[in-house]
Amino acid sequence: RNEGMDLRVELDFLLLQLLKDLEQLEAKRQALNAWVEEGWLSFSKARYAMGAKSVGPLQYASHMEPQVRVCTGEAQDGLQKFWMVRAALRRRKGLPRTPEPDSSPAPQNPLKWFGILVPHSLRQAQASFREGLQLAADMASLQSRISWGRSQLQELQEKLKQLKPRAP
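Keep in mind it's a predicted model, so treat the numbers as computed, not measured. (Residues numbered from 1 in each chain as written. Predicted model: local features only at pLDDT ≥ 70, side-chain atom pairs only at ≥ 80, totals over all residues. Heavy atoms only, no water.)

### Looking at the pattern of salt bridges
So, point 1. This model, assessed by the stated rule, comprises three salt bridges.
So, point 2. The partner of Asp 21 in a salt bridge is Arg 145, with the nearest N and O atoms 2.7 Å apart. Highlighted residues: Asp 21 in helix α1 (residues 2–50) and Arg 145 in helix α3 (residues 120–163), separated in sequence by 124 residues.
So, point 3. Taking relative accessible area as the criterion, Asp 21 reaches 3% and is therefore assigned buried.
So, point 4. Here Arg 145 falls in the partly exposed class, since its relative accessible area comes to 31%.
So, point 5. Salt-bridge contacts for Glu 158 lead to Lys 161; the nearest nitrogen and oxygen are separated by 3.9 Å. Taken as a pair, Glu 158 and Lys 161 lie in helix α3 at a separation of three residues, close to a single helical turn. (Salt bridge = Lys/Arg side-chain N within 4 Å of Asp/Glu carboxyl O. Helix = DSSP H or I, 4+ residues; strand = E, 2+ residues; numbered from the N terminus. Buried < 20%, exposed > 50% of the residue type's maximum accessible area, 1.4 Å probe, protein only.)

The structure is reproduced here in structure tokens:
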């Protein structure tokens, strides 16, 4: 009887945590949508200010280097965690895996593809998309925790069913 009560308390706690995580995920989704929308709006303002031909695929570098990388690992609680690492910082700290004879320095800022004096709206667009990327990594970590919580919830429900006496 006491074990059933402990399971119910644990089940309630887990359910509340799962609901909090789901609320947090929804809030992050809304924030992500806002950052991406702001990014595209700022990008459109930059295209308007500089001209459509000055901000487009023709200005992209022929060889692009990623500015950030998504890393994944196991957190202290055993759940999978995602985070963003700026590529330039990682290159300076990490040891090269294979020696590259033509290793380039830190990746170039993509804003330089569009000229030296770019409008502030283009910088705002870049910052908005970076914030969106960080939120996406946070959301992936949260989604991992939600999946784990759901499986734990199902396990506890099964244990509770097994403890209930079967009615004839």
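Next comes the rest of the write-up.
### Describing the packing of aromatic side chains
So, point 1. Scanning the model with the defined rule gives five aromatic pairs in all.
So, point 2. Seen from their ring centres, Trp 40 and Phe 43 are 5.8 Å apart, and the 90 degrees between their planes marks the pair as edge-to-face. Placement of the pair is Trp 40 and Phe 43 together in helix α1, with a separation of three residues, close to one helical turn.
So, point 3. Under the relative-accessibility criterion, Phe 43 is labelled buried at 16%.
So, point 4. Counting every residue linked through ring pairs, the aromatic cluster contains Trp 40, Phe 43 and Phe 129. (Phe/Tyr/Trp six-rings, centres within 6.5 Å; stacked < 30°, edge-to-face > 60°.)

### Some details on the side chain of Ser 121
So, point 1. You can see Ser 121 is positioned in helix α3.
So, point 2. Given a relative accessible area of 11%, Ser 121 falls into the buried group.
So, point 3. Among the polar contacts made by the side chain of Ser 121, one reaches the main-chain amide nitrogen of Ala 46 at a distance of 3.3 Å.
So, point 4. Excluding residues within four positions of it along the chain, Ser 121 makes contact with Ser 42, Phe 43, Lys 45 and Ala 46. (Polar contact = N/O pair within 3.5 Å; in protein donor to acceptor, adjacent residues only side chain to side chain. Contact = heavy atoms within 4.5 Å.)

None of the figures reported here should be taken as evidence of function without further support.
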